[in-house]
Amino acid sequence: MGYQWDWQVFLQDTGGGERYIDWMMSAWGWTVTVAALGWVVAIVFGSLVGVIRTVPSAPLRILGNAWVELFRNIPLLVQIFIWYHVIPALVPAMKGLPSFILVVFALGFFTSSRIAEQVRAGIQSLPRGQMQAGLAMGLTLPQAYRHVILPMAYRIILPPLTSESMNIIKNSSVAFAVSISELILFAMQSQEETSRGIEIYLGVTALYIVTAFAVNRVMAFIEKRVRVPGYVGAAK
Amino acid sequence: MSSLDYSIFTWELMRGFVMTGLAFSVQLTLVAMFGGILLGTLLALMRLSGLKLLELPARIYVDGLRSIPLVMVILWVYLLMPLILGRPIGKELSAFVTFTIFEAAYYSEIMRAGIQSIPRGQVQAGQAMGLTYGQNMRHVILPQAFRNMLPVLLTQTIVLFQDTSLVYAIGAYDLLHGFETLGKNYGRSVETYLAAALVYFVICFSLSTVVKRLQRKIAIIR
């Protein structure tokens, strides 16, 4: 291989008074921020939708199922364009919102459909008796969910939730399409400016791997801390 | 609420802008599906071979690709292919290569689960019959693994079809690009993005309904 490496590229000035490495680090920050906020949106809506898919009321269940099908069957990129180009055009109140917020919601709602599916599966994997015991104790339905069902369900779905948390880091890369200055946009633009694509891409790829690994470790730690002795997944 | 104008969705314009894009998206999906399942099965066999020399590269390949975003892989291939081949390659060809090697990582995990789900007795029965490793795989294990995993493989293919929209990163002309170009040319971006979402939804939703039905059918027979 006669390739001439030039790692100095990261120390070059971008022309804006900062070096490429600084730009890359701030891009990493954007990637993590978009993913983290999207994750919060996804957990909130995913839990809500997952729960209403298991309640006795049929209209609520249908609403929950429709939500999941809608956000699962349209590509994330198309959803981002809808949030960015279509919704502000149709809803004047949304016009002033920065694209960053729109992307967070796009990513969050997209991911919420997958989390809703996991929450539903987690709830339905619990023995019926748990809910019945809760109700027999005189808990209301929301109380039974809050104190009996959900604490168990969340623990059960931690492993799939871990892979979803790693997915959202990867999926946040699609934000480049609406000019969020995250890692992929950094990679594309600095590749063009410096023509040192291989070094730049290696840097970005390494950051993605590091991030995914960190998320994985954090989730594994949580999993270990909250596990219920003698119950599902407690082995190992 | 600004008024929407659907008059641009004529047969003529759809054929001119959108159909070429749709054809490419479908082609890309099919090529990556067949190529990906083939390469993925090979990788799965390597990982289950019990030979370190085969296991390790397969694991690095699969875990490596699964931990970086598809867009990153799209950019990598588009950057590296011309350097390796010594001549520029088109966006479309680059996309075919990218999606095949990327999806292989995901299909390989599915095939691995499929192979592992086959009861040990089946493997042993094959061996007792005097089948070689290859024969056993070809006639006993893989057909069953493939069949058991068919719904999951197809679900992955639906995800793959959605992911083809990411060729946006290198500007290849796919279904989304078709709608986008139509919208830009006629100043009707809002309508064309909505139409794109609708088309993707209809395709993916109907396919996943078919897969669900198939799943029930397979589940009953087994």
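The model shown is predicted, which means the values in this text are computed figures rather than measured ones. (Residues numbered from 1 in each chain as written. Chains lettered and ligands numbered in written order. Predicted model: local features only at pLDDT ≥ 70, side-chain atom pairs only at ≥ 80, totals over all residues. Heavy atoms only, no water.)

Regarding the environment of Ala144 of chain A
Residue and element names in this part refer to chain A.
Then, number 1: Structurally, the position occupied by Ala144 is in helix H6 (residues 141-156).
Then, number 2: On the basis of relative accessible area, Ala144 is assigned to the buried category, the value being 0%.
Then, number 3: Once the C-alpha coordinates of Ala144 and Met131 are considered, the two residues, 13 residues apart in sequence, prove to be 6.6 Å apart.
Then, number 4: Leave out the neighbours within four places in its chain, and Ala144 touches Met131, Leu135, Leu139 and Ile149. (Helix = DSSP H or I, 4+ residues; strand = E, 2+ residues; numbered from the N terminus. Buried < 20%, exposed > 50% of the residue type's maximum accessible area, 1.4 Å probe, protein only. Contact = heavy atoms within 4.5 Å.)

Focus: the confidence of the model for chain B
Residues and elements named next belong to chain B.
Then, number 1: On average, chain B scores 92 in pLDDT, and the residues at 70 or more come to 97%.
Then, number 2: Element-level mean pLDDT values for chain B span from 90 in helix H8 (residues 189-221) up to 96 in helix H4 (residues 91-116).
Then, number 3: Prediction confidence for the complex, expressed as pTM and ipTM, is 0.91 and 0.91 respectively. (pLDDT = per-residue confidence, 0-100.)

Section: the environment of Gln4 of chain A
Residues and elements named next belong to chain A.
Then, number 1: Along the polypeptide, Gln4 turns up in the segment before helix H1 (20-52).
Then, number 2: Residues Gln4 and Arg196, spaced 192 residues apart in sequence, show a C-alpha to C-alpha distance of 10.0 Å.
Then, number 3: Not counting chain neighbours up to four residues away, the residues in contact with Gln4 comprise Arg196 and Glu199.

Some details on the layout of surface pockets
Then, number 1: Taken as a whole, the largest pocket encloses approximately 1,800 Å³ of empty space.
Then, number 2: As for the largest pocket, its lining consists of 50 residues, and the residues nearest its centre are Arg114, Glu164 and Asn167 of chain A together with Gln156 and Val159 of chain B.
Then, number 3: Ranked by residues supplied to the lining of the largest pocket, first place goes to helix H6 (residues 133-163) of chain B with eight residues.
Then, number 4: Looking at side-chain class alone, the lining of the largest pocket contains 23 nonpolar, 15 polar and 12 charged residues. (1 Å grid on protein atoms, 1.4 Å probe; cavity = no way out; pocket = protein on both sides within 12 Å on 5 of 7 lines; lining within 4 Å. Points joined across faces, edges and corners; volume = space filled by probe spheres on them. Nonpolar A, V, L, I, M, F, W, Y, C, P; charged D, E, K, R; others polar.)

Section: the packing of aromatic side chains
Then, number 1: In this structure the tally under the stated criterion is 23 aromatic pairs over all chains.
Then, number 2: Each ring, one from Phe45 of chain A and one from Phe109 of chain A, has its centre 4.7 Å from the other, and the planes form 50°; the classification is tilted. Here the residue Phe45 of chain A occupies a position in helix H1, and Phe109 of chain A occupies one in helix H4 (residues 99-124), the gap between them amounting to 64 residues.
Then, number 3: With centroids separated by 5.6 Å and ring planes inclined at 50°, the aromatic side chains of Phe161 of chain B and Tyr200 of chain B adopt a geometry described as tilted. Of this pair, Phe161 of chain B sits in helix H6 while Tyr200 of chain B sits in helix H8, and the two are 39 residues apart along the sequence. (Phe/Tyr/Trp six-rings, centres within 6.5 Å; stacked < 30°, edge-to-face > 60°.)

Considering the pattern of salt bridges
Then, number 1: A full pass over the atoms with the stated rule returns 12 salt bridges over all chains.
Then, number 2: A salt bridge links Lys212 of chain B to Glu69 of chain A; the nearest nitrogen and oxygen atoms lie 3.5 Å apart. Here Lys212 of chain B, found in helix H8, pairs with Glu69 of chain A, found in helix H2 (residues 58-72), and the two come from separate chains.
Then, number 3: Residue Lys212 of chain B is classed as partly exposed on the basis of its relative accessible area of 41%.
Then, number 4: Overall, Glu69 of chain A belongs to the buried group, its relative accessible area being 14%.
Then, number 5: Glu180 of chain B is the partner of Lys184 of chain B in a salt bridge, and the nearest nitrogen-oxygen pair spans 3.7 Å. Separated by four residues within a single helix, Lys184 of chain B and Glu180 of chain B lie in helix H7 (residues 175-186), roughly one turn from each other.
Then, number 6: When salt bridges that share partners are traced, they join Arg53, Glu117 and Arg120 of chain A into one network. (Salt bridge = Lys/Arg side-chain N within 4 Å of Asp/Glu carboxyl O.)

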